[in-house]
Amino acid sequence: MSVAVRFAPSPTGLLHVGNVRLALVNWLFARKAGGSFLLRMDDTDEERSKPEYAEGIERDLTWLGLTWDRFARESDRYGRYDEVAAALKAAGRLYPCYETPEELNLKRASLVSQGRPPIYDRAALRLTDADRARLESEGRKPHWRFKLEHAPVEWTDLVRGPVHFEGAALSDPVLIREDGRPLYTLTSVVDDADLAITHVIRGEDHVANTAVQIQIFEALKNIEGGGAVPVFAHLPLLTDAAGQGLSKRLGSLSVASLREEEGIEPMALASLLAKLGTSDAIEPRLTLDELVAEFDIAKVSRATPKFDPEELLRLNARILHLLPFERVAGELAALGLAEADAAFWEAVRPNLSRVAEARDWWAVTHAPVAPVADDPAFLAEAAALLPEEPWDLSTWGAWTGAVKAKTGRKGKDLFLPLRRALTGRDHGPELKNLLPLIGRTRAEKRLAGETA
């Protein structure tokens, strides 16, 4: 069977870098195996799921280049979940429970105070038909729990290795709420089974869920037939640089903010997230194909990876220094630099950490600049030696050579006054690259101390 994976976010907030890391790993795994990548919106939490968040998820994935082969939305599949729930009830695997949240909290607190795990006591299984009728006459509506088998649950995890749970140590999970809506534990299994997902790659916070869901997979297989239980891989969760967890609801390191406010390039984020927590060195990559070729889920460590925005910014700068003009022309145009060309980009990119910083250097080369004229006499001598145009990359060397021969200046005493007069700054891109962009007319005026 061909490899099929899925990224199944809940559209309840902005995607953060931890979410996108899971999407990227799934995508790389699928592409490396020649398989398919499904984007599934797990939107059954109707109170918190918002269309704008779903649109944001698609926008973030598209920006990163993580195209999907298939798409599904859980809110379109309520009929299917009802069908499966009915089959599980008929098989005796789903049973009604009538405890209120307050009653369940008291039970849990009592068990914890005794030093015992807070496992549901299956009191609802001892209710008679008369008991249930009485409770319902009082206005209580049941929630439905899945009856786990008290047998070992084992699987070989692609990241964690052999995993073992005792069924008796697990609590029967609630699969259907009092209002009849299914919960994630059920819908995720039904979707994965129906959509033939072969590998479930997700965060390690789902390990206990997996033990429960394997039993649900097996129950559905016994009732309806179907394929094998998926292979599982649970990745350590990403934290911020301080070791704190990330949250969609808190907007922690959201992809949208990195793109729109921080000016991060998609391949900088992908290059970092693909290698965080692996044995590979983090290096700039210009295409997702390069990351696919290097990907191996066996390289993922069980250690907790930390996401450092400063590391991302450094990687962003390294990528910009490699990107050809064609890859950034659209971004430059969006910044109002539609007239920028390859010569301008190649001149300024070694000094950029974000594309937006190119606007400053466009202003230096194409807009009036107030020069810093510390040594007017020297600058006048230099101006008198300016060669005629056309200028190219050799002009700076020829001109400064002539100025050096005439004035005897060299090193910092030669170059810094010229830089400050021509650009108004002490540092920046190589002047051999900037000078042809500035042009003779502007250069002559700036050397004379005029704003030009």
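Residues numbered from 1 in each chain as written. Predicted model: local features only at pLDDT ≥ 70, side-chain atom pairs only at ≥ 80, totals over all residues. Heavy atoms only, no water.

### Here we look at the packing of aromatic side chains
Each aromatic ring pair is described using two quantities: the centre-to-centre distance and the angle formed by the ring planes.
Then, in step 1: Counted according to the given criterion, the structure contains 6 aromatic pairs.
Then, in step 2: Here Trp155 and Phe165 contribute two aromatic rings whose centre-to-centre distance is 6.0 Å and whose plane-to-plane angle is 5°, an arrangement assigned as stacked. On the criterion of sequence distance, the pair formed by Trp155 in strand S6 (residues 152-157) and Phe165 in strand S7 (residues 161-166) is long-range, its members being 10 residues apart. Assigned by exposure class, Trp155 and Phe165 land together as buried. (Phe/Tyr/Trp six-rings, centres within 6.5 Å; stacked < 30°, edge-to-face > 60°. Helix = DSSP H or I, 4+ residues; strand = E, 2+ residues; numbered from the N terminus. Buried < 20%, exposed > 50% of the residue type's maximum accessible area, 1.4 Å probe, protein only.)

### Things to note about the sheet that holds strand S4 (residues 94-97)
Then, in step 1: In spatial order, the strands read S4-S5-S8; together these 3 strands make up an open sheet with antiparallel pairing. Of all strands in the sheet, those with a lone pairing partner are S4 and strand S8 (174-176), marking the two edges. Across the sheet, the mean angle from the axis of one strand to that of its neighbour is 45°, orientation sign disregarded.
Then, in step 2: Pairing geometry for strand S5 (residues 143-146) and S8, over 2 bridges, is antiparallel. Opposite Arg145, over in S8, you have Val174 as the bridge partner. (Pairing = 2+ DSSP bridges. Axes fitted to C-alpha atoms, helices over the stretch in contact; angles between N-to-C directions.)

### Quick look at helix H1 (residues 17-33)
Then, in step 1: Taking 1.5 Å per residue, 17 residues should reach 24 Å; H1 reaches 24 Å between its end C-alpha atoms and fits that length.
Then, in step 2: Among the 17 residues in H1, 14 count as buried, and that is most of the element.
Then, in step 3: Looking one or two residues beyond H1, the residue adopting positive phi is Gly34, at roughly 70°. (Expected span 1.5 Å × (residues − 1).)

### What to know about the packing of helix H15 (residues 376-384) against helix H17 (residues 411-423)
Then, in step 1: Direction vectors running N to C along H15 and H17 enclose 85°, while the axes themselves pass 11 Å from each other. The orientation of H15 with respect to H17, classified from their angle, is roughly perpendicular. Contacts from Phe378, Leu379 and Ala382 of H15 reach H17 at Asp413, Leu414, Pro417, Leu418 and Ala421. (Parallel < 35°, antiparallel > 145°, perpendicular 65-115°, else oblique. Contact = heavy atoms within 4.5 Å.)

### Here's the deal with the packing of helix H14 (residues 358-366) against helix H18 (residues 431-447)
Then, in step 1: Running from amino to carboxyl end, H14 crosses H18 at an angle of 45°, the nearest separation of the two axes being 8 Å. Between H14 and H18, the crossing angle belongs to the class labelled oblique. The segment H14 lies against H18, with Trp361, Val364, Thr365 and His366 engaging Leu434, Leu437, Ile438, Arg442 and Arg446.
Then, in step 2: Its residues assigned to classes, the contact of H14 with H18 shows 5 nonpolar, 2 polar and 2 charged. (Nonpolar A, V, L, I, M, F, W, Y, C, P; charged D, E, K, R; others polar.)

### Overview of the nonpolar core
Then, in step 1: Counting residues in hydrophobic clusters, the biggest one holds 87 residues, and the most contacted among them are Leu269, Phe307, Trp345 and Trp399.
Then, in step 2: A total of 10 residues in this core trace back to one element, the largest contributor, which is H1.
Then, in step 3: In terms of nonpolar packing, the next biggest core, distinct from the first, is built from 33 residues, Ala4, Val212, Ile214 and Leu220 among them. (Core = buried A, V, L, I, M, F, W, Y, C linked by side-chain atoms within 4.5 Å.)

### Quick word on the sheet that holds strand S3 (residues 70-73)
The strands making up a sheet associate through backbone hydrogen bonding, with each pair oriented either parallel or antiparallel.
Then, in step 1: As summarised here, the arrangement of the 3 strands in space is S1-S2-S3, forming an open sheet in which the pairing is parallel. Edge positions in the sheet fall to strand S1 (4-7) and S3, since each has one partner strand and no second. Averaged over all pairs of adjacent strands, the angle between their axes in this sheet comes to 25°, without regard to strand direction.
Then, in step 2: By the bridge criterion, 4 bridges tie S1 to strand S2 (residues 36-41) in an arrangement that is parallel.

### Looking at the UniProt feature "short sequence motif: 'HIGH' region" (unreviewed entry) in the protein
Then, in step 1: UniProt marks residues 9-19 with the feature "short sequence motif: 'HIGH' region" (unreviewed entry), using the numbering shown here.
Then, in step 2: Secondary structure across residues 9-19 comprises 27% helix and 0% strand; the distance between its end C-alpha atoms is 8 Å. (UniProt positions renumbered as here; feature names shortened; annotations may be inferred.)

### A few points about the environment of Glu154
Then, in step 1: Assignment of secondary structure puts Glu154 in strand S6.
Then, in step 2: Here the alpha-carbon distance between Glu154 and Glu166, two residues 12 residues apart in the chain, equals 8.7 Å.
Then, in step 3: Apart from residues no more than four positions distant in its own chain, Glu154 is found in contact with Val163 and His164.
Then, in step 4: Engagement of the side chain of Glu154 in a polar contact is seen with the side chain of His164, the distance being 2.7 Å. (Polar contact = N/O pair within 3.5 Å; in protein donor to acceptor, adjacent residues only side chain to side chain.)

### Overview of the environment of Glu283
Then, in step 1: Position of Glu283 relative to the elements: it lies in the loop between helix H9 (266-275) and helix H10 (288-294).
Then, in step 2: Overall, Glu283 belongs to the partly exposed group, its relative accessible area being 31%.
Then, in step 3: Remark: the alpha-carbon pair of Glu283 and Phe325, spanning 42 residues in sequence, is separated by 21 Å.
Then, in step 4: If near-sequence neighbours (up to four positions away) are discounted, Glu283 is found in contact with Ser271, Leu315 and Arg318.

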